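Chain by chain, the residues run as shown.
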Amino acid sequence: MATTALITGGTSGIGRAVANKLAELGVHVVVAGRDVKRGEKTIAEIRRAGGQADFISSDLRDASSAREVARRAVDLGNGKIDILINNAGIYPFGLTHEASEDLFDKVYSLNVKVPYFLVAELAPLMAKRGKGAIVNLSTMVADYGASGMSLYGSSKAAINLLTKVWAAEYGSRGVRVNAVSPGPTRTEGTGSMGEGLERLAAEAPAGRPATADEIAEAIVFLATDRSSFVQGAKLAVDGGRTAI
Ligand code: NAP
């Protein structure tokens, strides 16, 4: 039976690059996002290239939408999901005193609550089968106090700890849980940052933004058996920013 991966936000940027790479490896990819046009385009491209892909349209915003997407993905995977990529995320920047409660809830809902309940739904099923891989998307700004990153950075700092907790809870039953922590990356989502992306990237030894493919390489490594002894790790793919 084919290996099946659920990739949230698999219709754009880093998530789509992961979907393409996993599909090239023969993995059946299930991508989730809100925009139906973008979702259908993504899976059509994968299918044209000979891969197996399905799209789930969903506004991931709370526990019930997360559990629903997990259940639909399990159905599409013939009763199982082998790989979960917790990739969908939003990254609004701004000073703490400028943030509304609504924005706070939006960031924490998509970046923390949704991965939490996807794992709650899928990790026990993986553990029951004795095998699974979960990769969480973090960010370099969860590792230091960058001005304007209070909501985004702290939501991903939660993901960094959850990665370790989930490795502890499910790791002994064959479920590997790891995180990738990217630096500034050119995607549809960062398109609106303009020069800001370059400025942020200039702080790192690499001195440039990453491509989505460069980040996806690390995610695919952690999602597949190539990293069979890696559990509870956070892999920085940030051009060296958090090393200095
Ligand atoms: P992106 O291009 O903005 O794409 C975001 C994806 O998430 C899209 O597929 C989008 O699809 C989906 N999404 C957004 N809100 C959703 C919702 N409520 N329900 C369901 N799906 C939703 O993102 P990206 O730049 O590739 O970033 C991907 C991940 O990497 C994020 O977790 C981000 O925090 C992290 N990251 C990115 C960077 C960077 O510089 N790009 C750096 C560090 C970490 P729809 O719009 O159709 O819903």
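Above: the structure in question.
Since this is a predicted model, take the numbers as computed values, not measurements. (Residues numbered from 1 in each chain as written. Predicted model: local features only at pLDDT ≥ 70, side-chain atom pairs only at ≥ 80, totals over all residues. Heavy atoms only, no water.)

Some points on the site of the ligand
At step 1: In the vicinity of the ligand there are 30 residues, among which S12, R34, N87, Y91 and T187 approach most closely.
At step 2: Within the contact set of the ligand, an oxygen atom lies 2.7 Å away from a backbone nitrogen or oxygen of N87.
At step 3: The side chain of K156 places a nitrogen or oxygen atom 2.9 Å from an oxygen atom of the ligand.
At step 4: Burial of the ligand by the protein chains amounts to 93% of its free accessible area of 890 Å².
At step 5: Going through the elements one at a time, α1 (13-24) and α5 (150-170) are the ones with two or more residues in the shell around the ligand.
At step 6: In terms of residue class, the shell around the ligand is built from nine nonpolar, 15 polar and six charged. (Near = heavy atom within 4 Å. Polar contact = N/O pair within 3.5 Å; in protein donor to acceptor, adjacent residues only side chain to side chain. Areas by Shrake-Rupley, 256 points an atom, 1.4 Å probe, with all protein chains shown as cover. Helix = DSSP H or I, 4+ residues; strand = E, 2+ residues; numbered from the N terminus. Nonpolar A, V, L, I, M, F, W, Y, C, P; charged D, E, K, R; others polar.)

Observations regarding the packing of α1 against helix α7 (residues 212-223)
At step 1: Running from N to C, α1 and α7 point in directions that differ by 55°, and their axes come no closer than 8 Å. Overall, the two elements α1 and α7 adopt an arrangement that is oblique. Two packed elements cross with a definite hand, and for α1 against α7 that hand is right-handed. Only A212, D213, I215, A216, E217, I219 and V220 of α7 make contact with α1, whose side of the interface consists of G13, I14, A17, V18, K21 and L22.
At step 2: Within the contact of α1 with α7, the residues separate by chemical class into nine nonpolar, one polar and three charged. (Axes fitted to C-alpha atoms, helices over the stretch in contact; angles between N-to-C directions. Parallel < 35°, antiparallel > 145°, perpendicular 65-115°, else oblique. Left-handed = near helix turned anticlockwise from the far one by under 90°. Contact = heavy atoms within 4.5 Å.)

Some thoughts on the environment of L151
At step 1: By secondary structure assignment, the location of L151 is in helix α5.
At step 2: Each C-alpha atom, one on L151 and one on Y91, is 8.2 Å from the other, the two residues being 60 residues apart in sequence.
At step 3: Setting aside anything within four residues of it in sequence, one finds L151 in contact with A99, L103, F104, V107 and Y108.

Quick look at the sheet that holds strand β6 (residues 175-182)
At step 1: In space, the seven strands of this open sheet follow the order β3-β2-β1-β4-β5-β6-β9, with parallel pairing throughout. With partners counted over all chains shown, the strands left at the sheet margins are β3 (53-57) and β9 (234-237), one partner each. Sheet twist, expressed as the mean angle between neighbouring strand axes with direction ignored, is 15°.
At step 2: Sheet topology places β6 next to β9; four bridges connect them, and they run parallel. Paired with V180 across the bridge in β9 is L235.
At step 3: This element, helix α2 (residues 36-48), spans β2 (28-33) and β3 of the sheet and lies at about 170° to β3.
At step 4: Across the sheet, helix α4 (residues 101-129) touches β1 (4-8), β4 (83-86), β5 (132-137) and β6, and the angle it forms with β4 is around 165°. (Pairing = 2+ DSSP bridges.)

As for the pattern of salt bridges
At step 1: In total, this model carries 16 salt bridges according to the counting rule given.
At step 2: In this structure, the salt-bridge partner of K21 is E217, at a minimum N-O distance of 2.9 Å. One end of the pair, K21, is in helix α1; the other, E217, is in helix α7, with 196 residues separating them in the sequence.
At step 3: What makes K21 buried here is its relative accessible area of 18%.
At step 4: Across the pair R61 and D59 runs a salt bridge, and its minimum N-O distance is 2.6 Å.
At step 5: Note on D59: relative accessible area 33%, which makes it partly exposed.
At step 6: Connected via shared salt-bridge partners are K21, D213 and E217. (Salt bridge = Lys/Arg side-chain N within 4 Å of Asp/Glu carboxyl O. Buried < 20%, exposed > 50% of the residue type's maximum accessible area, 1.4 Å probe, protein only.)

Things to note about α4
At step 1: Compared with the 42 Å implied by 1.5 Å per residue over 29 residues, the 41 Å span of α4 between its first and last C-alpha is a close match.
At step 2: Bending of α4 peaks at approximately 45° at the position of S109. (Expected span 1.5 Å × (residues − 1). Bend = angle between axes of the 7 residues up to and from the residue.)

What to know about the packing of aromatic side chains
At step 1: Going through the model one piece at a time under the given rule, you end up with six aromatic pairs.
At step 2: Ring geometry for Y91 versus F93: centroids 6.3 Å apart, planes at 25°, classification stacked.
At step 3: Ring centres of F104 and Y108 lie 4.7 Å apart, and the angle between their planes is 5°; on these two criteria the pair is classed as stacked. With F104 and Y108 both in helix α4 and four residues apart, this pair spans about one turn of that helix.
At step 4: Judged by its relative accessible area of 40%, F104 falls in the partly exposed class.
At step 5: Among the aromatic side chains, those forming a connected cluster through ring pairs are Y91, F93 and Y152.
At step 6: The side chain of R241 reaches across the aromatic face of Y144, ending 4.2 Å from its centre. (Phe/Tyr/Trp six-rings, centres within 6.5 Å; stacked < 30°, edge-to-face > 60°. Lys NZ or Arg CZ within 6 Å of the ring centre and 35° of its normal.)

These results come straight from atomic positions and should not be treated as a statement about function.
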